[in-house]
Every structure is written in structure tokens, then in C-alpha cells.
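Residue strings, one per chain:
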Amino acid sequence: MKIGINGYYLTTLYSGIGQYSVNLLSALSKLDSNNEYFIFTPTKLDLHFPSNFHFIEIPPLPFFSKTFFNRFIWEEFQLGQAL
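Residues numbered from 1 in each chain as written. Predicted model: local features only at pLDDT ≥ 70, side-chain atom pairs only at ≥ 80, totals over all residues. Heavy atoms only, no water.

(A) Spotlight on a nonpolar patch on the surface. On the surface, Phe-68, Phe-69, Phe-72 and Phe-77 cluster together into a nonpolar patch covering about 430 Å² of accessible area. When you line up the elements, Phe-68 lands in helix α2 (residues 68-82). (Patch = residues over 30% accessible without salt bridge, like charges linked within 9 Å, V, L, I, M, F, W, Y side chains within 5 Å. Areas by Shrake-Rupley, 256 points an atom, 1.4 Å probe, with all protein chains shown as cover. Salt bridge = Lys/Arg side-chain N within 4 Å of Asp/Glu carboxyl O. Helix = DSSP H or I, 4+ residues; strand = E, 2+ residues; numbered from the N terminus.)

Here it is in C-alpha cells:
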């Protein structure tokens, strides 16, 4: 099965939801080698996971950078188009 995951908060690894996301992916990588995981992030990340974990970068639109609206556009439109 192919599983898509919103990895937006993996870019803030020291936040609560960032830590939760990394720990969730880490646990999944130890438990499941049958499914393919596609983790969509707004920037390139230097995380090391097994080969069934694929990190896909979707850069945010430049004219909305550093605003709440940027995250909204990324999650609601850009991520939807990529999926």
C-alpha cells in the first residue's frame, strides 16, 4: 500500500509536533517494511529512513513566504495537487 504523510512540521524538529512526527516515522520504519511511505515536505530534509520511505519536496510559493497563509496554501492546494 502507498501511504502519503504531510511532513510540513518535520521542518521544525524541535517543536512538539515536529518531535512527534519524527518519532512516529521512526516507529513506523521499525515496524513496517511492506508499505511505501511518501512524506511531503516544504524543504529538503536530512533524515535517514529505510528505502520504503520517500521524502518529496514541494517548495512553497515564494510570494506567500513566512506567513500563516503560506502554510495554508501549501497544505490545502500545493499538497493536494502533488497527491
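(B) Summary view of the sheet that holds strand β2 (residues 36-41). The strand order β1-β2-β3 describes an open sheet built from 3 strands, whose pairing is parallel. With one partner strand each, in any of the chains shown, β1 (2-6) and β3 (53-57) form the two edges of the open sheet. Sheet twist, expressed as the mean angle between neighbouring strand axes with direction ignored, is 25°. Strand direction decides the pairing type here: β2 and β3, joined by 5 bridges, are parallel. Bridge assignment links Phe-38 to a residue of β3, and that residue is His-54. Against the sheet, helix α1 (residues 16-31) makes contact with β1, β2 and β3, and its axis sits at roughly 145° relative to β3, the strand it touches most. α2 rests against β1 and β2 of the sheet, and its axis sits at about 140° to β2. (Pairing = 2+ DSSP bridges. Axes fitted to C-alpha atoms, helices over the stretch in contact; angles between N-to-C directions. Contact = heavy atoms within 4.5 Å.)

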